[in-house]
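Examining the three-dimensional arrangement
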Amino acid sequence: MDRISSARETMIRDHLKARGIRDPAVLRAMEEVPREEFVPEELVEFAYGDYPLAIGEGQTISQPYIVALMAELLELGPEDRVLEIGTGSGYSAAILGRIAREVFTVEHYATLAQGAASRLRRLNCGNVTVLLGDGTRGWQEFAPYQAIQVTAGAPHVPKALREQLATGGRLVIPVGHHPRMQSLERILRIGENEFRREDMCAVQFVPLIGEDGWGDDL
Ligand code: SAH
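Described below are features of the structure shown in this document. (Residues numbered from 1 in each chain as written. Predicted model: local features only at pLDDT ≥ 70, side-chain atom pairs only at ≥ 80, totals over all residues. Heavy atoms only, no water.)

Some points on the sheet that holds strand β9 (residues 194-203)
In space, the 7 strands of this open sheet follow the order β5-β4-β3-β6-β7-β8-β9, with mixed pairing throughout. At either margin of the open sheet sits one strand with a lone partner, and together these are β5 (128-132) and β9. Taken pair by pair, the neighbouring strands of this sheet meet at an average axis angle of 20°, ignoring direction. As judged from the 9 bridges shared by strand β8 (residues 181-191) and β9, these two strands associate in the antiparallel manner. (Pairing = 2+ DSSP bridges. Helix = DSSP H or I, 4+ residues; strand = E, 2+ residues; numbered from the N terminus. Axes fitted to C-alpha atoms, helices over the stretch in contact; angles between N-to-C directions.)

Have a look at this one:
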């Protein structure tokens, strides 16, 4: 077995299953999406390590466990339309795209958005669309979404994201008073005006900037 396949097996067994990731669709997606294609060339040998990696613009691709945990918390079905805020490398969008019907993912930096879009095209992730803009406003055009995932830390839950969540939908987002320390929250939209909030665990994401985030100059 080559080094990449063996590193991928270790990731699935020791970093995901051993920590309680159970959703078969999530585990399958994590097995199938080549994470090494989403990291800078000089970091390929670390692609399956149990940590985040730098991807440019001061941003990171999340640790595999966190990607899998968020996907599992979204409880995705094959018919779901998903919104992701924070495309970064495009890796987590590719994972969601293997499970759900379609994924719209919004990125603030043009360089990252372009890199992710061409990577996703090359890997035949045809149901993932990359949009350039301020994700704190969501993406009204394709709303409502059965699931929304935010992969940057927010000071509070942006209003637009609540509004664009379908009734019965799930929103997973790191929220915290410090720009780099958050608690991972899941918000369920139970009715038109009824939401339930669940606190999952402590996490450390890069800050969500933008109009309804930490502002543009962090
Ligand atoms: N999901 C990514 C990791 C993203 S890191 C992956 O799998 O690689 C967080 C990303 O959120 C960064 O790329 C950052 O530029 C982006 N981001 C921060 N604030 C944003 C905003 N308001 N709108 C869209 N993207 C934002």
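Here the narrative resumes.
Focus: the site of the ligand
S89, S92, E107, G135 and I209 are the nearest of the 26 residues found near the ligand. At 2.8 Å from a nitrogen atom of the ligand is found a side-chain nitrogen or oxygen belonging to S92. G135 places a polar main-chain atom, nitrogen or oxygen, 2.8 Å from a nitrogen atom of the ligand. Protein contact buries 99% of the 580 Å² of open area that the ligand shows by itself. Of all the secondary-structure elements, those providing two or more residues to the shell around the ligand are β2 (59-61), β3 (81-85), α4 (91-99) and β4 (102-107). In terms of residue class, the shell around the ligand is built from 11 nonpolar, 12 polar and 3 charged. (Near = heavy atom within 4 Å. Polar contact = N/O pair within 3.5 Å; in protein donor to acceptor, adjacent residues only side chain to side chain. Areas by Shrake-Rupley, 256 points an atom, 1.4 Å probe, with all protein chains shown as cover. Nonpolar A, V, L, I, M, F, W, Y, C, P; charged D, E, K, R; others polar.)

Section: the pattern of salt bridges
Considering all chains together, one arrives at 17 salt bridges under this definition. With a closest N to O distance of 3.2 Å, R81 and E102 form a salt bridge. Here R81, found in strand β3, pairs with E102, found in strand β4; they are 21 residues apart in sequence, far enough to count as distant. Salt-bridge contacts for E102 lead to R101; the nearest nitrogen and oxygen are separated by 3.4 Å. For R101, a relative accessible area of 39% gives the class partly exposed. (Salt bridge = Lys/Arg side-chain N within 4 Å of Asp/Glu carboxyl O. Buried < 20%, exposed > 50% of the residue type's maximum accessible area, 1.4 Å probe, protein only.)

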